Each structure stands twice: as structure tokens, then as C-alpha cells.
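# Per-entry structural report
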Amino acid sequence: CAAGMVLSVLVILLLSVLYEAVKMGKAVLLRRALLALPRSLSQEALTEPHQGDSDPTQGSPSLMAFPISFPRWFWFHVAQTLFHVVQVVLGYMVMLAVMSYNAWIFLGAIVGSTLGYFM
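Definitions and limits used
Residues numbered from 1 in each chain as written. Predicted model: local features only at pLDDT ≥ 70, side-chain atom pairs only at ≥ 80, totals over all residues. Heavy atoms only, no water. Patch = residues over 30% accessible without salt bridge, like charges linked within 9 Å, V, L, I, M, F, W, Y side chains within 5 Å. Areas by Shrake-Rupley, 256 points an atom, 1.4 Å probe, with all protein chains shown as cover. Salt bridge = Lys/Arg side-chain N within 4 Å of Asp/Glu carboxyl O. Helix = DSSP H or I, 4+ residues; strand = E, 2+ residues; numbered from the N terminus. Buried < 20%, exposed > 50% of the residue type's maximum accessible area, 1.4 Å probe, protein only. Contact = heavy atoms within 4.5 Å. UniProt positions renumbered as here; feature names shortened; annotations may be inferred. Expected span 1.5 Å × (residues − 1). Arc of directions from axis to C-beta.

Okay, a nonpolar patch on the surface next. Judged by side-chain polarity, V88, Y92, M95, L96, M99 and Y101 come together as a nonpolar surface patch covering roughly 680 Å² of accessible area. Mapped onto the secondary structure, M99 falls in the loop between α4 (72-98) and α5 (103-118). Relative accessible area serves as the criterion here: at 44%, M99 is assigned to the partly exposed category.

What follows deals with unusual backbone geometry. At Y101, a position not held by glycine, the phi torsion is positive, near 60°. Here Y101 lies in the loop between α4 and α5.

Next up on the list: the side chain of S16. Within the element layout of this structure, S16 appears in helix α1 (residues 2-36). S16 has contacts with V94, G108, A109, G112 and S113, leaving out every residue within four places of it along the chain.

Turning our eyes to something else, we now look at the UniProt feature "transmembrane region" (unreviewed entry) in the protein. Sites flagged by UniProt as "transmembrane region" (unreviewed entry) map to residues 6-22. Within residues 6-22, the helical portion is 100% and the strand portion 0%, while the C-alpha atoms at the span's ends are 24 Å from each other.

Turning our eyes to something else, we now look at α5. Taking 1.5 Å of rise per residue, 16 residues should cover 22 Å, and α5 covers 22 Å from first to last C-alpha, within 8% of that figure. Where α5 is concerned, the buried positions are I105, G108, A109, G112 and G116. Taken down its axis, α5 places every buried residue within 100° of arc, on the same side. Turned more than 90 degrees off the buried face of α5, the exposed positions are A103, W104, Y117 and F118.

Written out as C-alpha cells, the structure reads:
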């Protein structure tokens, strides 16, 4: 029975470390996504269409906002969403384990969170 308890504490410790790693990975991904955003809109997109232009999307930022091919920042956003789902699931798993009101499980979660943040 003691081996099962030790294993439970180690699993909770590893889940807490993984939670912190996912949290840091999400922050790194956010920084990369911000770097992938375009610096500014082109001046052509901000100007009014000329009299002779037949293309209705030219010069209209609202119509040009949804390009046909997805830009790189969109895929960063998809990855951030997946990281968020994993982080929420791990957080609830650790919370449920802590709610068992076992002091050893609680200490395993605290030590795992500390180690995960430190690394």
C-alpha cells in the first residue's frame, strides 16, 4: 500500500511539472505568434479605392482582412489553443488529486509545481 502512495505522489509531482512546462511553452508560443504578426498594414490597404479600379476589395481593409490562405500567425493561434486545452486538463487533474485532502498528494503537487517553474 505504501508503494501505491509513493507512486501516486510521483504521478502528481510529474503532472504538476508538466503543467508548468505547458504554461511556459504557451508563453513562448505567444511570443513567436506576436513576432509572426505583420508589422503594420500597407499604406495601399488604408487608402480609398481609385475611380478607375474595378476590384471592390482593393483599398478596403475590412474585405482584405480574411485572406484565402491562412497566415503563419493563425497556426500559432491553433497551437496556443491546443496548449491551453492541455493546460486546463492538467490543472483540473492536479486539482482533483489535491481535493483528496491527502497531505502527501498536496506536497507532491506543490513540489512538482515548484520544480516545473524552476526548470
